[in-house]
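Results of the structural survey
Chain residues, written in single-letter form:
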Amino acid sequence: MNLAYKILSTKLKSGELVAGQQIGIQIDQTLTQDSTGTMAYLQLEAMGIEHVAVEKAVAYIDHNMLQTGFENMDDHEFIRSVAKKHGITFSKPGNGVCHQLQLENFAKPGKTLVGSDSHTPTCGAMGMIAIGAGGLDVAVAMATGTYYLQCPSVVRVNLVGKKAKWASAKDVILYILQQLSVKGGVNKIIEYTGEGLKELSLTDRATICNMGAELGATTSVFPTDEITKEYLIQQGREEDYVELKADEDATYDEEITVDLSKLVPLTAKPHSPDAVVPVSELKGMKINQVVIGSCTNSSLPDMLKAAKILKGRRVATHVSLVIAPGSSSILAMLSKCGALADMIASGARILECGCGPCIGMGQAPLSKGVSLRTINRNFKGRSGTNDASVYLVSPEVAALSAIKGYLTDEFEDDMYLDDIENTPFVKNKNFFIDEYDPQNEVYMGPNIKPVPRGDKLPDTFKGKVCLKVGDNISTDHIVPSDSKLLPYRSNVPHLAKFSFCKVDDQFYNRCIENGGGFIVGGDNYGQGSSREHAALVPNYLKIKAIFAISFARIHRSNLINNGILPLVINQKDYDFFNDQDEYELINLLDSVENNKDITVINKTNNQTITAKLKLSSREKTMIQYGGLLNAIKELGGDF
């Protein structure tokens, strides 16, 4: 048996480990962050539980830390008060990025983790099944200890060869993205094996698992070994080590081989993580900004590698270099060992430990500027500047290019740092709060609005197309995530006014004029973040169904959780839809109950197509009741 199924088999509560079937698994740990957490905890409160049902639940504050008004801090206080009421560990602002902190403090081999952030699979580096999900799914996991998903197939990535000196873990995952694309991992687990494992540190593996989210993968997982054990010893958690590996005769659904010896420094061009080319192909391109940090590349080794390159050198006069360490512990250690001084002496700006620039929360690039970033996504406008060009690179390429003033991989011999993993790790636990008082009063600021609810499924829908878009529409397109809008993550009515504003600024008005209706998309609709706001907002705007050639995994689940039909159409039927005609969906009750194709009629010209909607029995119930919260209210928390 492969490692992924080995772990899943020990946690299986319902269903069978057959790819495509719905399974329910026991969840040991959960995490939330503040961009998704406020809504998740509003949903948890609606379930009326006393104490969470998982071994460890953590509420992190790492996204909305730019406090230009009361809204963000109000959300933080709401989350802190809910955490105290339900026995959830609270991570204060400034402690660091949720995935880096989870890896350092709580990740355990063989355990399961579900988090309201798409990069939760980072902890797969520790031999966990760690899955990103919408906030409501995480709230249900906290309340019941169970998470439901489509059983993924498993892809083996066989790592061979010895990694070249300046090739990095970032280059490994960028190469895989180049081979498989941003939809190549949908409903799949990526499992890493092979002799090349010994070339990758634990934090290297975390970088690779982190960006498995950009493949659309359910999760990624590494076996445990001496490298895992050494990391846990470094973190003071040696007792958490368990040896985990696939059987010798393990079978996989697919297999690819990556020869580490052939890797070179790579970059993903705007505006997709799979638009990957060698850095040498773009060498000499002038840059304006460099960002080192994010949950992908903010570990202590990443910071020390960058500091080594910057030491004794000066950031180019026309470049702004900003660095955000992944945790307060890392920041403290950089200070103690002198690496922080080297960074500052070079001309770098040091940000507090958090997500910041990755999600457009500050440090927006120059208009029409070029920004090199060690982050995981470079969707158009995500940085906060709609016409900027964002390139994804390793910390080493980022630091070198910041000095040179242009994109380059021409490293000098004295820039290389040896024995990086042996740096002592000193924990800072003063940012964590563990309190439990079931009588604690929950704080509700004026910006926090109720969670929208869907309506029960009728037998017919009528409406117009409010928007028609192309392939690879991300959740950032659907509800932009930047410093202007992130403070309103707990206020869906306000967010709704900006839905699709960077694609079509009339979408909101069209929804209001038409009383809702439909959205039509292309391939891989809803890729990217797990933010369920991309489903909550259409639900609030009375979008009843979304037609697309294919859907990203998490977004499809979020749509169903909110009672919206994710309907799959054939490529040839894309042109069936326009914004002039009225459409009707008929016989919905029977079609949903029996997994029949949905009949779609163009009422203007009387043409008809069918759309596919294959649902598990649990998903049928959610759709029939108008969403998961409604179903829980009617049927109980673990129907």
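Residues numbered from 1 in each chain as written. Predicted model: local features only at pLDDT ≥ 70, side-chain atom pairs only at ≥ 80, totals over all residues. Heavy atoms only, no water.

As for the overall build of the protein chain
As a reminder, the rule being used: Counting from the N terminus, the helices are DSSP H or I runs at least four residues long and the strands are E runs at least two residues long. Here the term buried applies to any residue with accessible area under 20% of the maximum for its type, exposed to any over 50%, and partly exposed to those in between, with areas from a 1.4 Å probe on protein chains only. Here, residues are in contact when the closest pair of their heavy atoms is within 4.5 Å. Residues scored as positive are Lys and Arg, those scored as negative are Asp and Glu, and His as well as the terminal groups of each chain are ignored. For charged residues, the charge sits on one atom: NZ in Lys, CZ in Arg, CG in Asp, CD in Glu.
Per the secondary structure count, the protein chain includes 20 helices and 27 strands. On the principal axes, the C-alpha backbone points of the protein chain span a range of 70 × 55 × 50 Å. Of all 639 residues assigned to the protein chain, the portion counted as buried reaches 63%. Considering only contacts in the protein chain between residues 6 or more positions apart, those separated by 24 or more positions represent 76%. When the 65 basic and 75 acidic side-chain charges of the protein chain are each reduced to a single mean position, those positions are 3 Å apart.

Some words on the sheet that holds strand β9 (residues 153–160)
Our working definition: A pair of strands is considered paired only if DSSP assigns at least 2 bridges between the two. Fitted lines through C-alpha atoms serve as axes, helices being fitted only where they are in contact, and the angles separating the N-to-C directions of these axes extend from 0 to 180 degrees.
As summarised here, the arrangement of the four strands in space is β11-β10-β9-β12, forming an open sheet in which the pairing is parallel. Sheet topology places β11 (219–221) and β12 (254–259) at the edges, where each strand pairs with a single neighbour. Between one strand axis and the next, the sheet turns by 20° as a mean value, whatever way the strands run. Bridge count between β9 and strand β10 (residues 188–193): six bridges; the pairing is parallel. For S153, the partnering residue across the bridge sits in β10 and is K188.

A word on the environment of G528
Note that G528 resides in the loop between β22 (517–520) and α16 (533–540). C-alpha of G528 to C-alpha of S118: the two residues are 410 residues apart in sequence and 7.2 Å apart in space. The contacts of G528, once residues within four sequence positions are left out, are S118, R377, F379 and T475.

Observations regarding the side chain of Q289
Defined as follows: Under this definition, polar contacts are N or O atom pairs within 3.5 Å; protein pairs additionally need one hydrogen-donor-capable and one acceptor-capable atom, and for neighbouring residues in sequence, both atoms have to be side-chain atoms.
Among the secondary structure elements, Q289 is positioned in strand β15 (residues 289–292). One polar contact links the side chain of Q289 to the main-chain carbonyl oxygen of Q363, over a distance of 3.0 Å. In contact with Q289, other than residues within four places in its own chain, are V319, S320, Q363, A364, P365, V370, S371, L372 and R373.

What about the packing of helix α9 (residues 300–310) against helix α12 (residues 395–404)?
Where we set the bar: Roughly parallel covers angles under 35 degrees, roughly antiparallel covers those over 145, roughly perpendicular covers 65 to 115, and oblique covers all other angles. Crossing handedness follows the turn of the near helix against the far one: under a right angle anticlockwise gives a left-handed crossing, and clockwise gives a right-handed one. Amino acid classes used here: Ala, Val, Leu, Ile, Met, Phe, Trp, Tyr, Cys and Pro are nonpolar; Asp, Glu, Lys and Arg are charged; the rest, including Gly, are polar.
In contact at an axis separation of 9 Å, α9 and α12 are set at 25° when each is read in the N-to-C sense. Judged on the interaxial angle alone, α12 and α9 are roughly parallel. α12 is crossed by α9, and the crossing has right-handed handedness. The segment α9 lies against α12, with D302, K305, A306, I309 and L310 engaging P395, E396, A399, L400 and I403. Class assignment for the residues of the contact of α9 with α12 results in seven nonpolar, no polar and three charged.

Thoughts on the pattern of salt bridges
Applied cut-off: What makes a salt bridge here is a side-chain nitrogen of Lys or Arg within 4 Å of a carboxyl oxygen of Asp or Glu, nothing more.
According to the stated counting rule, one finds 31 salt bridges in the structure shown. Here E199 ties to K162 by a salt bridge, and the two come within 3.7 Å at their closest N and O atoms. Placement of the pair is E199 in the loop between β10 and α7 (202–210) and K162 in the loop between β9 and α6 (169–180), with a sequence separation of 37 residues. Residues participating in the shared-partner salt-bridge network are R313, K404, E412 and D414.

Observations regarding the environment of T621
Residue position: T621 is located in helix α19 (residues 617–625). Judged by its relative accessible area of 17%, T621 falls in the buried class. Between the C-alpha atoms of T621 and K380, which are 241 residues apart in sequence, the distance is 37 Å. The contacts of T621, once residues within four sequence positions are left out, are A631, L635 and F639.

Side note on the environment of T193
If you trace the backbone, T193 turns up in strand β10. When its relative accessible area of 12% is taken as the criterion, T193 is described as buried. In sequence terms T193 and H494 are 301 residues apart; their C-alpha atoms lie 47 Å from each other. Here T193 is in contact with R156, V157, N158, L159 and Y252, once residues within four sequence places are set aside. Engagement of the side chain of T193 in a polar contact is seen with the side chain of R156, the distance being 2.7 Å.

Remarks on helix α10 (residues 328–337)
Of all the residues in α10, the buried ones are S328, S329, I330, M333 and L334. In this structure, the buried side of α10 is in contact with α4 (98–105), α9 and α11 (339–346). Of the residues flanking the end of α10, it is G338, one or two places downstream, whose phi is positive at about 95°.

Considering the nonpolar core
Side chains of nonpolar character tend, in soluble globular proteins, to be buried together. The test is simple: Residues enter a nonpolar core if they are buried and are Ala, Val, Leu, Ile, Met, Phe, Trp, Tyr or Cys, with the set joined through side-chain atoms within 4.5 Å.
Within the largest apolar cluster, 105 residues are counted, with the highest numbers of intra-cluster contacts made by Y525, F547, F577 and L585. The leading source of residues in this core is helix α5 (residues 135–144), at seven residues. In this structure, L585 is in contact with D459, T460, F461, F518, A545, F547, L565, L567, I598, T599 and V600, ignoring residues within four places of it in sequence. Judged by nonpolar contacts, the second largest core, of 51 residues, contains L103, L159, V182 and A206.

Describing the packing of α6 against α7
It is at 8 Å that the axes of α6 and α7 come closest, and there the two elements cross at 30°. Classified by the interaxial angle, the pair formed by α6 and α7 is roughly parallel. Here α6 runs over α7; the crossing is right-handed. Contacts between α6 and α7 involve A169, K170, V172 and I173 on the former and, on the latter, D204, T207 and I208. Of the residues that constitute the contact of α6 with α7, the class distribution is four nonpolar, one polar and two charged.

Coordinates in, geometry out; function isn't part of it.
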